[in-house]
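Each chain, letter by letter, is given below.
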Amino acid sequence: MATDTSESKKTSKLEQTNPDYDPNIVIEAQNLTKIYRDFWGRQKVRALNALDLEVKKGEIFGLLGPNGSGKSTTIKLLLGLLFPTSGRAMVFGENATEVTKNERIGYLPEESYLYKFLTAEETLDFYGRLFDIPSEVRKERVQSLIKQVGLTNAKRRQLREYSKGMTRRIGLAQALINDPDLVLLDEPTSGLDPLGTREMKDMILKLRDEGKTVVMCSHLLGDVQDVCDRIAILYQGDLKELGRVDSLLQVSDETSIRAKNLPESAQEEIREVIKRHGGDLIGVENPKSTLEELFLQIVRESEQRPGQRASGSDS
Ligand SMILES: Nc1ncnc2c1ncn2[C@@H]1O[C@H](COP(=O)(O)OP(=O)(O)OP(=O)(O)O)[C@@H](O)[C@H]1O
């Protein structure tokens, strides 16, 4: 597996030869169907049913759905680890079954498969060698990824000593060792504490800022809402919803107004205006922060002032 970061070599064969190929479409699934069969060839499960979707360059795309809805099957089809029963998946304009395109993909699986007796440095160096990354580039990238995922203080410890959150971090660093253009993340925030979750979400957003395309599967809907531009919701192999998170979540028949330092008299006037226009007042109240914000604020304050109670507490 040879990896070269120069733009010219990172483009796929099709990108170079097919003038119709649109480089802004990183993933294209057309009628993608996967039926698992038993030893005798009899149909066991229709895991994915005629999936049509596109993932655009530079977006964070969320694949959602209850257990067994076909998310992992979709990821495996994109990686070429499974063959579709019918339809096709294209990645960077190449058929997903073409494994050479995986040189441009980083993959964080749900379960860690890393070698427990290697340190973080050794792990990343090992995967860097698999990608044939030249020694100097490899050394630099290993150190910069370790820093990026916040494992500098633990970089010489064996992975068997790592907590679940640390294992997730080294998993992400491993997925990025080849400086991929497309990053597939299966449950990236599972097992992380709220601070680790925030950092992981920031790292995912940073990947988008760097121009990478991210596809993530997650059951943690709050995390998906925080980072994803678009989502697809699968149910028993069928695509049930596809669209931009902000427009899917917009409640179009309600209006919300937020103001600071508004006196009680003005609030009364607003109530009157709503009444005059025939609207139903749902509530005039102080907005609430999120539990995540409160938790992070307390952790940050505790770091700055060890031993003291956080400022926001009133009981
Ligand atoms: N190797 C396999 N052989 C037979 N059936 C399988 C196989 N892998 C997955 N399935 C079935 O295909 C369906 C979709 O599974 P898949 O793992 O893609 O779902 P998922 O959405 O990733 O679920 P989860 O959220 O639990 O990870 C399920 O009914 C599952 O039992």
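Definitions and limits used
Residues numbered from 1 in each chain as written. Predicted model: local features only at pLDDT ≥ 70, side-chain atom pairs only at ≥ 80, totals over all residues. Domains from an automatic or database assignment. UniProt positions renumbered as here; feature names shortened; annotations may be inferred. Helix = DSSP H or I, 4+ residues; strand = E, 2+ residues; numbered from the N terminus. Core = buried A, V, L, I, M, F, W, Y, C linked by C-beta atoms within 7 Å. Buried ≥ 20, exposed ≤ 12 C-beta atoms within 10 Å, placed from the backbone. Contact = placed C-beta atoms within 7 Å. Expected span 1.5 Å × (residues − 1). Near = placed C-beta within 6 Å. Nonpolar A, V, L, I, M, F, W, Y, C, P; charged D, E, K, R; others polar. Pairing = 2+ DSSP bridges.

- In the nomenclature of an unreviewed UniProt entry, the protein chain corresponds to Putative ABC transporter ATP-binding protein YbhF from the organism Mariniblastus fucicola.

Digging into the domain arrangement of the protein chain
Here is step 1: Segmenting the protein chain into domains produces domain 1 (7-249) and domain 2 (258-308).
Here is step 2: Using only C-alpha atoms to locate each centre, domain 1 and domain 2 end up separated by 37 Å.

Describing the UniProt feature "domain: ABC transporter" (unreviewed entry) in the protein chain
Here is step 1: Here, UniProt's "domain: ABC transporter" (unreviewed entry) annotation points to residues 27-261.
Here is step 2: With 31% helix and 28% strand, residues 27-261 has its two end C-alpha atoms placed 48 Å apart.

What about the nonpolar core?
Here is step 1: Counting 58 residues, the largest nonpolar core has Val-91, Ala-173, Leu-184 and Val-214 as the members making the most contacts within it.
Here is step 2: A per-element tally of this core places helix H6 (residues 164-175) first, with 5 residues.
Here is step 3: Aside from chain neighbours lying at most four places away, what touches Val-214 is Ile-60, Phe-61, Val-183, Leu-185, Ile-204, Leu-207 and Arg-208.

Description of helix H10 (residues 264-276)
Note: α-helices contain 3.6 residues per turn, so residues at a spacing of three or four share the same orientation.
Here is step 1: Spanning 13 residues, H10 covers 19 Å between terminal C-alpha atoms, matching the ideal 18 Å at 1.5 Å per step.
Here is step 2: Counting buried positions over the 13 residues of H10 gives 0, only a small fraction of the element.
Here is step 3: A positive backbone phi angle near 75 degrees is found at Gly-278, which sits one or two residues after H10.

Digging into the site of the ligand
Here is step 1: Close contacts around the ligand come from Tyr-36, Lys-44, Val-45, Ala-47, Gly-65, Asn-67, Gly-68, Ser-69, Gly-70, Lys-71, Ser-72 and Thr-73, and that covers them all.
Here is step 2: Of all the secondary structure elements, the ones that give two or more residues to the shell around the ligand are strand S2 (43-56) and helix H3 (71-79).
Here is step 3: Counted by class, the shell around the ligand contains 3 nonpolar, 7 polar and 2 charged residues.

Quick word on the pairing of strand S8 (residues 213-217)
Regular strands show a simple pattern: their side chains alternate between the two faces of the sheet.
Here is step 1: Taking burial as the measure, the 5 residues of S8 include 5 buried ones, the bulk of the element.
Here is step 2: Every second residue of S8 is oriented toward a common face, with Thr-213, Val-215 and Cys-217 on one face and Val-214 and Met-216 on the other, all of them buried.
Here is step 3: Pairing analysis gives 4 bridges linking strand S3 (residues 60-64) to S8, with the strands arranged parallel. The residue bridging Gly-62 from the neighbouring strand is Met-216, located in S8.

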